[in-house]
Amino acid sequence: MRTERRMHNVRRIALIMVFGWAPSLVFAGDLIPTPEFADHAIPVSIPPAPEDMSWEWLNVLILIGALGLASYFALVNRSRRSLFLLAIASLIWFGFVRDGCVCPIGATQNVAYSTTDSGYAIPATIVLLFALPLVFTLFFGRTFCGAVCPLGAIQEVVAVRSVRVPTWIDHGLGMIPHVYLGAAVIFAVSGTAFVICRYDPFVAIFRMSGDVNMLVFGACLLLLGLFVGRPYCRYLCPYGAILGVLSKGSKWHAKIAPEDCIQCRLCEDACPYGAIQEPALPLVPQGKPAARRRLAGMLLLVPVLIAVGIGLGMLLAGSLSRMDPDVRLAEQIRGEETGQVTEMTDASEAFRGTGQPISELYAIAVQRRARFRTLGGWLGAWTGLVIGLKLVTLCIRRKRTDYQPDRSRCVSCGRCYRYCPGEQVRLGLIRDVSEMVPDVKDAGSTA
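Now for a look at the structure at hand. Being a predicted model, the structure only gives us computed values, none of them experimental.

The term disulfide refers to a covalent linkage connecting the sulfur atoms of a pair of cysteines. The final tally for this structure, using the stated rule, is 0 disulfides. Free cysteine: C267, not disulfide-bonded; nearest cysteine sulfur from C264 at 6.1 Å.

Here it is as structure tokens:
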């Protein structure tokens, strides 16, 4: 009886639902009419318009003007004030307005990548951004670093209480930019990553956003820059390594004294970047044989260092290849397949969703590893060459009679100008050098 009663109630509820909803369905047709698509225009996908290149060409024109002004202020006008104001303007435009990208430093990777990938069409503006500072450096020295580069400008602003870095530390750390340059080129030509841009310490500051780790890294460099002048320029910048080599052969270069050096030694500690070379007397005859043997030994050591570097670079190929996203993905998938990894990453989950065979991914990873074995050997050879040439140059003693800027390290910032009595006379601040140096002859004899 209870079962029959339950079935009867179910039938009643069903009838109520059917006859209760039927009118609502009828009225719903009146409330929400069926749309007609007779006059509806079907949307057509339109490719986006090409990016306006006017800003990029404006950037190139401003770069040319800034390089010209920096060279004039450093070599002709010899105005530290003008160079500093130009550096502030460059920091604002190339840094905060243009977000620090694309800059000549990062363009190094674009140029390197274009040499190996025929399908990569590098814009002419990027080529000019890369080449223009190099051309100006060949003629006027590193004026780009002094007042145009936004990375250098932001460090110039905070360099207020710089201390002298010990010579052996300065020379040792000074090799890092050359090695960094080699690594950046290796990763760029392999299509792995643009590491200069990825690990740029100041771009996140220019954009007021970005990776927290890079923001902290940039802040730490600026804090260090209060006491060590331009730490990124001197010990990390790969583009500065190129400019330093070209600046050695520049046709003109900024000088400490406007004319002749009187060896007053007032500029000795003026440079916060350790770029002032003291006068050096030639070796005495008794010391020349030992110096020649030392130089010969360093020259013989160069090929040994290159060979060792090749071996170490090939051994580190596995670690270098992990910068490649396909290699990292293959290792992740292999770990998941073997049970060594329990959780999937976004990349591995997306790969599995494509349905691509895992064997193809493994084959790509093996090919990339083999290529990095060759590239690692080249990077090791480059590193060995950098170390060897540094040891050779330290064994060469050049005669200098005046205080001179080290052309490879001097960034033409103009900080040393006001320390020179000759500059004070040129500016009309004093009538004679004796007003700053009471006895010029005695000062010159003690230099």
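Below, the discussion takes up the packing of aromatic side chains. By the definition in use, this model includes 13 aromatic pairs. Residues Y113 and F194 carry aromatic rings whose centres are separated by 6.2 Å and whose planes lie at 75° to one another, so their mutual orientation is edge-to-face. Residue Y113 is located in helix α4 (residues 104-114), and its partner F194 is located in the loop between α9 (176-189) and α10 (195-198); the two are separated by 81 residues in the primary sequence. Site record: aromatic cluster; members linked through ring pairs are F136, F139, F140 and W252. A cation over an aromatic ring shows up here: R78 above the ring of Y417, its NZ or CZ 4.1 Å from the ring centre. Geometry around W252 places K251 over its ring, the cationic atom sitting 5.2 Å from the centre.

Moving on: α9. Under the 1.5 Å per step criterion, the end-to-end length of α9 is 20 Å for 14 residues, consistent within 8% with the ideal 20 Å. Taking burial as the measure, the 14 residues of α9 include 10 buried ones, the bulk of the element. Buried within α9 we find P177, Y180, L181, G182, A183, A184, I186, F187, A188 and V189. Looking at the residues trailing α9, positive phi occurs at G191, about 70°.

Below, the discussion takes up the pattern of salt bridges. As enumerated under the stated definition, the model contains 17 salt bridges in all. One salt bridge connects R409 with D170, and the closest N-O pair in it is separated by 2.1 Å. Within this pair, whereas R409 is found in the loop between β2 (404-405) and α20 (421-426), its partner D170 is found in helix α8 (residues 167-173), the two being separated by 239 residues in sequence. Relative accessible area serves as the criterion here: at 27%, R409 is assigned to the partly exposed category. Taking relative accessible area as the criterion, D170 reaches 8% and is therefore assigned buried. Between R409 and D406 there is a salt bridge; the shortest N-O distance is 3.2 Å. Residue D406 is classed as buried on the basis of its relative accessible area of 13%.

Conventions we followed
Residues numbered from 1 in each chain as written. Predicted model: local features only at pLDDT ≥ 70, side-chain atom pairs only at ≥ 80, totals over all residues. Heavy atoms only, no water. Disulfide = S-S within 2.5 Å. Phe/Tyr/Trp six-rings, centres within 6.5 Å; stacked < 30°, edge-to-face > 60°. Helix = DSSP H or I, 4+ residues; strand = E, 2+ residues; numbered from the N terminus. Lys NZ or Arg CZ within 6 Å of the ring centre and 35° of its normal. Expected span 1.5 Å × (residues − 1). Buried < 20%, exposed > 50% of the residue type's maximum accessible area, 1.4 Å probe, protein only. Salt bridge = Lys/Arg side-chain N within 4 Å of Asp/Glu carboxyl O.

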